[in-house]
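The chain contents come next:
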Amino acid sequence: MTKPLQVEKLTRYADAVRKFASAAQNRCFGCGAANEHGLHLEFYLTQELHAVCETTVGDFFEGPKGFVHGGIIATLLDETMSKAVRAHGLVAMTRHMEVDYQRPVPSSEEIRLEGRVTRNEGRKHWTEALILNGHGKVLAHGKGLFIEVKPAPDPDPVKDGPTPHG
Ligand SMILES: CCCCCCCC(=O)SCCNC(=O)CCNC(=O)[C@H](O)C(C)(C)COP(=O)(O)OP(=O)(O)OC[C@H]1O[C@@H](n2cnc3c(N)ncnc32)[C@H](O)[C@@H]1OP(=O)(O)O
């Protein structure tokens, strides 16, 4: 089992992490500012290019009462792994992923997402991600295989950054 990263409150590590860039028109359900129904996840990168996010998922995404729906848990892990891949300058899509639902993930409480790339082989990039509660306990663990794809043309690279997705 992967150990959580030794990065505590992001505010304490303001110099060590930088915010992940995201274009204003990004409609991604996970991280897009332009999607009013989305999760609005804001990611930071550690110096090792691991993706980290602290967030609270609202009760409108519940499955069991008080806990996040399993599909949303998979989304959180997928998005976190995707950001870890993107942190290496790669544009890739999820080809395969698996989720180990270890403990229920509470809604309306702060949780922490951590993701990283574990192996690369040509276009193939293997990843993993964790969801942790406020005490650092691992609640869910995901593993993924991402395959590089050609990036979509950017409508306005000067104004909006490197990819519409961020
Ligand atoms: C653009 C950034 C958006 C980021 C959004 C956040 C992440 C997401 O949610 S993406 C949305 C969900 N994902 C999708 O919809 C993807 C749908 N799938 C696809 O479009 C395609 O399968 C795609 C593009 C990922 C890969 O297709 P393709 O280029 O044909 O690759 P394919 O030949 O199937 O596989 C590539 C390699 O992976 C290997 N491979 C495929 N599956 C597996 C597996 N489960 N385990 C191990 N290896 C595998 C293949 O054998 C192949 O190996 P090699 O190159 O050595 O022969």
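Calculation criteria
Residues numbered from 1 in each chain as written. Predicted model: local features only at pLDDT ≥ 70, side-chain atom pairs only at ≥ 80, totals over all residues. Heavy atoms only, no water. Pairing = 2+ DSSP bridges. Helix = DSSP H or I, 4+ residues; strand = E, 2+ residues; numbered from the N terminus. Contact = heavy atoms within 4.5 Å. Axes fitted to C-alpha atoms, helices over the stretch in contact; angles between N-to-C directions. Near = heavy atom within 4 Å. Polar contact = N/O pair within 3.5 Å; in protein donor to acceptor, adjacent residues only side chain to side chain. Areas by Shrake-Rupley, 256 points an atom, 1.4 Å probe, with all protein chains shown as cover. UniProt positions renumbered as here; feature names shortened; annotations may be inferred.

This part covers the sheet that holds strand 1 (residues 18-19). Read across the sheet, 7 strands follow the order 1-2-3-5-6-7-4 without closing on themselves; strand pairing throughout is antiparallel. If you trace the sheet from one side to the other, it starts and ends with strand 1 and strand 4 (92-101), each paired once. Here 9 bridges tie strand 4 to strand 7 (residues 138-148), and the two strands are oriented antiparallel to one another. Within strand 7, the residue paired with V99 across the bridge is G142. Docked against the sheet, helix 1 (residues 70-86) engages strand 3 (51-56), strand 4, strand 5 (110-121), strand 6 (124-132) and strand 7, running at close to 130° with respect to strand 4.

So, on to the site of the ligand. Surveying the vicinity of the ligand reveals 14 residues, the closest of which are D78, T94, R95, R123 and K124. R95 places a side-chain nitrogen or oxygen 3.1 Å from an oxygen atom of the ligand. R123 is positioned such that a nitrogen or oxygen atom in its side chain is 2.6 Å from an oxygen atom of the ligand. Against a free-state accessible area of 1,200 Å², the protein chains account for coverage of 51% of the ligand. Within the residue set of the shell around the ligand, elements represented by two or more residues are helix 1, strand 4 and strand 7. Tallying contributions element by element places strand 4 first for the shell around the ligand, with 5 residues.

Per the UniProt record, the feature "domain: Thioesterase" (unreviewed entry) sits at residues 66-138. Spanning residues 66-138, this segment combines 23% helix with 44% strand, and its end C-alpha atoms are found 18 Å apart.

Residue placement: N133 occurs in the loop between strand 6 and strand 7. A distance of 2.9 Å separates a polar side-chain atom of N133 from the backbone nitrogen of H135. Once residues lying within four places of it in the same chain are set aside, the contact partners of N133 are E110 and L139.

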